[in-house]
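The chain contents come next:
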Amino acid sequence: MNINKYDKNRELFMKAVKVIPAGIYGHLGPAEGCFTPVSAYPFFSQQAKGAYFWDVDGNRFIDYMCAYGPIILGYNDEEVDGAAIEQLKKGNCVTSPSSIMVEFAELMVDTVEMADWVFFAKNGGDVTSFAIMVARAATGRKKVILVNGGYHGVAPWTQQEGYPGIIKQDVENNFYVEWNNFEEVERIVKEHPGEIACFMATPYHHPVFADNELPADGYWQKIRKLCTDHGIVLAIDDVRCGFRLDMAGSDQYFGFKADLMCFCKAIANGWSVSALCGIDALKDAAASVKYTGSYWLSAVPFAAGIACLNKLKKIDAPKHLQEKGKKLTDGLVSIGKAHGFDLKVTGVESMWYMRIANDDSFLLHQEWVAECVRRGAFFTNHHNHFINWALTDEDIKKTHEIADEAFHILKKRHF
Ligand SMILES: Cc1ncc(COP(=O)(O)O)c(C=O)c1O
């Protein structure tokens with residue numbers, strides 16, 4: 001099998017570090033360690049189409065990270081990009097918002113079961129922060145309850161004391177609980193009567209470096225009742241799962257109703273738009289919060305979002321993405337087993353997390369992932385993965401062949 005070389009990637013990275021902090025910052029860069037061992041990974045892409053991207057050395061990857069979630073239909077989807085290009089000819093960033101904004105808002109409200117209204121921004125972190133502000137404006141309270149290991153972006157309130165640039169005051173109103181531990185949430189609520197504005201969590205637990213966990217039976221229903229009884233806003237961060245489990249929202253999928261729901265990835269297949277959906281009772285509070293941005297009302301991503309949501313509904317994307325994910329992961333598990341490796345798959349199949357459970361240090365898993373990436377299947381070591389609609393059976397077969405060879409190499413090297 002062909003093994004990738006990354007000479008141009010490395011040359012470009014050496015140029016990048018001179019003019020860009022960390023060369024590539026954030027979750028796409030090697031500095032955060034997502035790509036360990038870095039020697040196996042490309043740094044810069046050249047182009048992308050369907051289920052693939054190509055790096056600057058011309059290596060092709062079957063992409064199981066999908067830009068960390070936004071790509072749900074595959075890269076450069078013709079219907080979505082076509083709608084965006086048509087809108088671009090009419091206008092994008094204009095003094096008055098385009099009428100298409102209202103059309104998109106109506107579609108979101110029709111699509112998301114809990115939504116009586118929607119507020120658009122750009123990134124997931126814009127709307128998770130807005131959700132906290134709306135909850136505080138509505139309740140007049142300042143404390144929030146969050147789940148340990150949950151990710152809601154990079155605004156100071158989402159980080160930890162001691163991280164560069166973060167001060168105690170940024171996080172002093174946060175309480176942290178363990179996932180699926182209802183009693184802990186209940187205890188904090190009882191110990192702080194009239195102080196908790198919001199409980200925010202993802203619909204199921206998808207942290208990094210840890211197996212993903214679904215909600216325990218009755219967990220969300222108990223949380224819902226607790227929040228209602230104590231006047232606490234229940235905010236669901238559906239930034240990553242949104243439209244991957246259920247077109248009506250992941251709260252529907254798990255059988256409860258949120259007060260606020262944050263969406264971002266997958267709304268517009270890579271075009272920059274995020275959304276906070278809410279119930280009527282919180283609409284005035286949302287209107288009262290001072291919150292906007294230069295590009296938040298730009299029309300092109302709205303056009304892309306309309307085309308994307310309509311297509312996701314038409315093809316029943318959540319169901320088919322789960323099926324593709326199951327086919328892929330069932331194969332990976334049984335190929336691993338044939339070589340004596342216990343590949344543990346958790347989370348939902350369209351967004352699965354995996355690790356080789358024979359070794360708690362993650363090193364064996366990192367090595368296997370690196371061998372897969374070198375052969376053109378783009379996985380990461382410690383983050384959940386994503387399935388996109390453009391992925392074919394042929395791609396899944398090729399991925400299984402790559403995984404087989406990578407397991408074989410690991411076995412020869414270590415056992
Ligand atoms: C669950 C969740 N919430 C919030 C965010 C932040 O979104 P963004 O990076 O678009 O600000 C992310 C991003 O990965 C996420 O996965």
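Residues numbered from 1 in each chain as written. Predicted model: local features only at pLDDT ≥ 70, side-chain atom pairs only at ≥ 80, totals over all residues. Heavy atoms only, no water.

### Examining the site of the ligand
So the rule is basically this: We call a residue near a molecule or strand whenever a single non-hydrogen atom of that residue lies within 4 Å of it. Contacts described as polar in this section are N or O atom pairs within 3.5 Å, which, within protein, must combine one atom able to donate a hydrogen with one able to accept it, while residues neighboring in sequence count only if both atoms come from side chains. Accessibility throughout is a Shrake-Rupley quantity obtained with a 1.4 Å probe, and a residue counts as covered only by protein chains that appear here. Note on residue classes: Ala, Val, Leu, Ile, Met, Phe, Trp, Tyr, Cys and Pro are nonpolar, Asp, Glu, Lys and Arg are charged, and everything else, Gly too, is polar.
For the ligand, the set of nearby residues contains 13 residues, the closest of which are Gly 124, Gly 125, Asp 237, Arg 240 and Lys 265. Between an oxygen atom of the ligand and a main-chain N or O atom of Gly 124, the distance comes to 2.7 Å. In isolation the ligand exposes 390 Å². Once the protein is present, 86% of that is buried. Among the residues making up the shell around the ligand, the classes are represented as 3 nonpolar, 7 polar and 3 charged.

### Considering helix 12 (residues 363–374)
A turn of α-helix holds 3.6 residues, and therefore any two residues three or four places apart point the same way. Inclusion rule: Under the scheme used here, helices are H or I runs from DSSP no shorter than 4 residues and strands are E runs no shorter than 2 residues, and both carry numbers assigned from the N terminus. Take the residue count of a helix, subtract one, and multiply by 1.5 Å to get its expected span. The classification of residues rests on relative accessible area computed with a 1.4 Å probe and restricted to protein chains. Under 20% of the type maximum is buried, over 50% is exposed, and intermediate values are partly exposed. Should any heavy atoms of two residues lie within 4.5 Å, those residues are counted as being in contact.
Here helix 12 contains 12 residues, and its C-alpha end-to-end distance of 16 Å stays within 8% of the 16 Å for a straight helix at 1.5 Å per residue. Of all the 12 residues making up helix 12, 11 are buried; the element is thus mostly covered by neighbouring parts of the structure. Along helix 12, the residues that are buried comprise Leu 364, His 365, Gln 366, Glu 367, Trp 368, Val 369, Ala 370, Glu 371, Cys 372, Val 373 and Arg 374. Looking at the buried side of helix 12, the elements it contacts are strand 3 (60–63), strand 11 (343–346), strand 12 (353–356), strand 13 (377–378) and helix 13 (393–414). Immediately downstream of helix 12, the backbone of Gly 376 shows phi near 105°, a positive value.

### Considerations on the domain arrangement of the protein chain
Quick note on the threshold: Residue ranges assigned to each domain were obtained from an automatic or database domain assignment. Accessible area, probed at 1.4 Å, shrinks when two parts are joined; the buried area is that loss added up over both. Within this document, salt bridges are pairs made up of a side-chain nitrogen of Lys or Arg and a carboxyl oxygen of Asp or Glu, the two lying within 4 Å of each other.
Domain boundaries assigned for the protein chain yield domain 1 (7–63 + 316–414) and domain 2 (78–314). Once you take the C-alpha centre of each, domain 1 and domain 2 turn out to be 28 Å apart. With 19 residues of domain 1 at the contact, the number on the domain 2 side is 20 residues. Carbon and sulfur atoms supply 57% of the area that domain 1 and domain 2 bury against each other, a total of about 1800 Å² over both sides. Across the contact surface, domain 1 and domain 2 share 2 salt bridges. The salt bridge partner of Arg 355 is Asp 211, with a shortest N-O separation of 2.7 Å. Of all the elements in the fold, those that place two or more residues in the side of domain 1 that touches domain 2 are helix 11 (317–338), strand 11 and strand 12.

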